[in-house]
Amino acid sequence: MKYQLIPIAIFFASICVPVCLALWVRYQRKGRRTPLTVQLLRSPGESLSRQLEEISEELDFHFAFFTLMPLLCFSSYLSMRYLGNQKVSWVASMIPYAAFMIYFSFKFSTLMKKRNSLRLGLDCERAVGQELNQLMLDGYRVYHDFPAENFNIDHIVIGANGVFAVETKGRAKPVKGDVKITYDGQGLQFPTHYEREPFEQAKRQADWFAKWLTSAVGAEVAVKPVLVFPGWYIERKKPGLLIYNGKSPRPVYINAGSPVLSAEMIQRIAHQVEQRCRDVEPVAYQKLKSKG
């Protein structure tokens, strides 16, 4: 009889051993803390990076399920047979396994597609963010992934000639054929379809940010929307929204208008933006509670 429960014992051991190791590593970290005393600024694609971490955790769970479910079902079947229930059918025991596999396979494929889309968005936001950081050499203030109300603004650029709310859109290009986006003043014509939502989204976010800044600094602040499609060729048929392909941002922003903000107002705006963007907790060790 003592050999009849071996399959189930093996299954639970495969779970308990990694959990015990994780608890031991966590125990060893006690008594130490991070040397950082302030929260960090948000990086380009911070929100997307967090979403990717959550999806990766879900995928890890599904992958573990795929790995352990056959062993669990087979162990349960053998254990019931050993315990004397000879009426247990192998086919019947496979029905719940098949149902779970179908459900989790659907979830797995859905998460994989979403992760691929987020990865493209993250790559594009990082690329645009790295280019925008070069503007700091010209005296601009640049912030990334500004947290708003139920959405985020990918990049904020602040300079003497104004404040810019930058929305980055990652769009995969075809391997062959046309890679041009045509802006007609109202929307964007891609090689295979027409989009108006990115254009409207950029304007909505700039309007919201202008109202928030006006309230935060106590003076009216205008915000210019900017739309970026990294890697695409942009053709502008009509003036209007600032739109470009992410490369060489200096002419786009430096030539966007004459100076309208004083150094004192730039500092006030940057202070408010930075306070909102500095919310990233250090990930190593525990959060610093007090000085010492």
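Since the model is a prediction, treat every value here as computed from it, not as a measurement.

Engineer: What's the story with helix H6 (residues 263-277) in this structure? I'm lost.
Structural biologist: Along an α-helix, residues three or four apart share an orientation, since each turn contains 3.6 residues. With 15 residues, H6 should reach 21 Å at 1.5 Å per residue; the first-to-last C-alpha distance of 21 Å fits that figure. Those residues of H6 not exposed but buried are Met-265, Ile-266, Ile-269, Ala-270, Val-273 and Cys-277. The arc that holds the buried residues of H6, viewed along the axis, is 130°, so those residues lie on one side. Those residues of H6 that are buried lie in contact with strand E1 (40-41), strand E2 (141-147), strand E3 (152-159), strand E4 (162-168), helix H4 (197-217) and strand E11 (278-280).

Engineer: It is not clear to me how the pattern of salt bridges should be interpreted in this structure. Could you clarify?
Structural biologist: A side chain of one charge can pair with a side chain of the opposite charge if their charged atoms are brought near each other. Inspection of the entire model under this criterion finds eleven salt bridges. The residue Arg-268 makes a salt bridge to Glu-264 at a minimum N-O spacing of 3.6 Å. Separated by four residues within a single helix, Arg-268 and Glu-264 lie in helix H6, roughly one turn from each other. For Arg-268, a relative accessible area of 31% gives the class partly exposed. By relative accessible area, which is 47% here, Glu-264 ends up partly exposed. Here the salt bridges do not stand alone but share partners, grouping Arg-42, Asp-145 and Asp-279 into one network.

Engineer: Even after reading the chapter, I still don't get the pairing of E2, so can you show me in this structure?
Structural biologist: Remember that side chains alternate between the two faces of the sheet whenever the strand is regular. Across the seven residues of E2, six count as buried, placing the element largely inside the fold. Here six bridges tie E2 to E3, and the two strands are oriented antiparallel to one another. For His-144, the partnering residue across the bridge sits in E3 and is His-155. Connecting E2 to the next strand, E3, in antiparallel fashion are four residues, including Asn-150 with a positive phi near 65°.

Engineer: I tried to follow the confidence of the model for the chain on my own but got confused; where do I start?
Structural biologist: Low pLDDT marks regions whose predicted coordinates should not be analysed in detail. Summary statistics for the chain give a mean pLDDT of 85 and a share of 83% for residues scoring 70 or more. Residue range residues 288-292 is modelled with pLDDT below 50. Its contacts to residues more than four positions away, or to other chains, number six contacts.

Engineer: Please clarify how the packing of aromatic side chains should be interpreted in this entry.
Structural biologist: Each aromatic ring pair is described using two quantities: the centre-to-centre distance and the angle formed by the ring planes. The tally for this structure, following the rule as stated, stands at eleven aromatic pairs. Seen from their ring centres, Phe-146 and Phe-209 are 5.0 Å apart, and the 65° between their planes marks the pair as edge-to-face. Of this pair, Phe-146 sits in strand E2 while Phe-209 sits in helix H4, placing them 63 residues apart in sequence. Taken individually, Phe-146 and Phe-209 each receive the classification buried, so the pair is uniform in this respect. When the ring of Phe-209 is compared with that of Trp-212, the centres are 6.0 Å apart and the planes differ by 10°; the resulting orientation is stacked. Of the two residues, Phe-209 and Trp-212 both sit in helix H4, three residues apart, roughly one turn of that helix. Of the two residues, Phe-209 and Trp-212, both sit in the buried class. Taken together, the ring pairs connect Phe-146, Phe-151, Trp-208, Phe-209 and Trp-212 into an aromatic cluster.

Engineer: Would you mind going over a nonpolar patch on the surface with me for this structure?
Structural biologist: Taken together, the side chains of Phe-12, Ile-15, Val-19 and Leu-23 present a nonpolar region at the surface, about 360 Å² in accessible area. Note on placement: Val-19 falls in helix H1 (residues 6-28).

Engineer: Explanation requested: the side chain of Asn-161 in the structure shown.
Structural biologist: One can find Asn-161 in the loop between E3 and E4. A polar contact of 3.1 Å, which involves the side chain of Asn-161, links it to the side chain of Tyr-140. Contacts of Asn-161, omitting those with residues within four sequence positions, involve Tyr-140, Lys-224, Tyr-253, Ile-254, Ala-256, Gly-257, Ser-258, Pro-259 and Val-260.

Engineer: What am I meant to see in H4 here?
Structural biologist: The end-to-end C-alpha separation of H4 is 30 Å, in line with the 30 Å expected for 21 residues at 1.5 Å each. For H4, the set of buried residues is Pro-198, Phe-199, Gln-201, Ala-202, Gln-205, Ala-206, Trp-208, Phe-209, Ala-210, Trp-212, Leu-213 and Val-217. Directly beyond the C-terminal end of H4, a positive phi value near 75° is found at Gly-218.

Engineer: I keep staring at the nonpolar core and nothing clicks. Help me out?
Structural biologist: The tendency in soluble globular proteins is for nonpolar side chains to be buried side by side. Within the largest apolar cluster, 24 residues are counted, with the highest numbers of intra-cluster contacts made by Val-163, Phe-209, Ile-269 and Val-273. Taken together, the elements giving at least two residues each to this core come down to E2, E3, E4, H4 and H6. When neighbours within four sequence positions are excluded, Phe-209 is seen to be in contact with Phe-146, Ile-153, Ile-156, Val-163, Val-223 and Val-273. Within the second largest apolar cluster, 13 residues are counted, among which are Leu-135, Val-142, Val-228 and Tyr-244.

Reading the values: the criteria
Residues numbered from 1 in each chain as written. Predicted model: local features only at pLDDT ≥ 70, side-chain atom pairs only at ≥ 80, totals over all residues. Heavy atoms only, no water. Helix = DSSP H or I, 4+ residues; strand = E, 2+ residues; numbered from the N terminus. Expected span 1.5 Å × (residues − 1). Buried < 20%, exposed > 50% of the residue type's maximum accessible area, 1.4 Å probe, protein only. Arc of directions from axis to C-beta. Contact = heavy atoms within 4.5 Å. Salt bridge = Lys/Arg side-chain N within 4 Å of Asp/Glu carboxyl O. Pairing = 2+ DSSP bridges. pLDDT = per-residue confidence, 0-100. Phe/Tyr/Trp six-rings, centres within 6.5 Å; stacked < 30°, edge-to-face > 60°. Patch = residues over 30% accessible without salt bridge, like charges linked within 9 Å, V, L, I, M, F, W, Y side chains within 5 Å. Areas by Shrake-Rupley, 256 points an atom, 1.4 Å probe, with all protein chains shown as cover. Polar contact = N/O pair within 3.5 Å; in protein donor to acceptor, adjacent residues only side chain to side chain. Core = buried A, V, L, I, M, F, W, Y, C linked by side-chain atoms within 4.5 Å.

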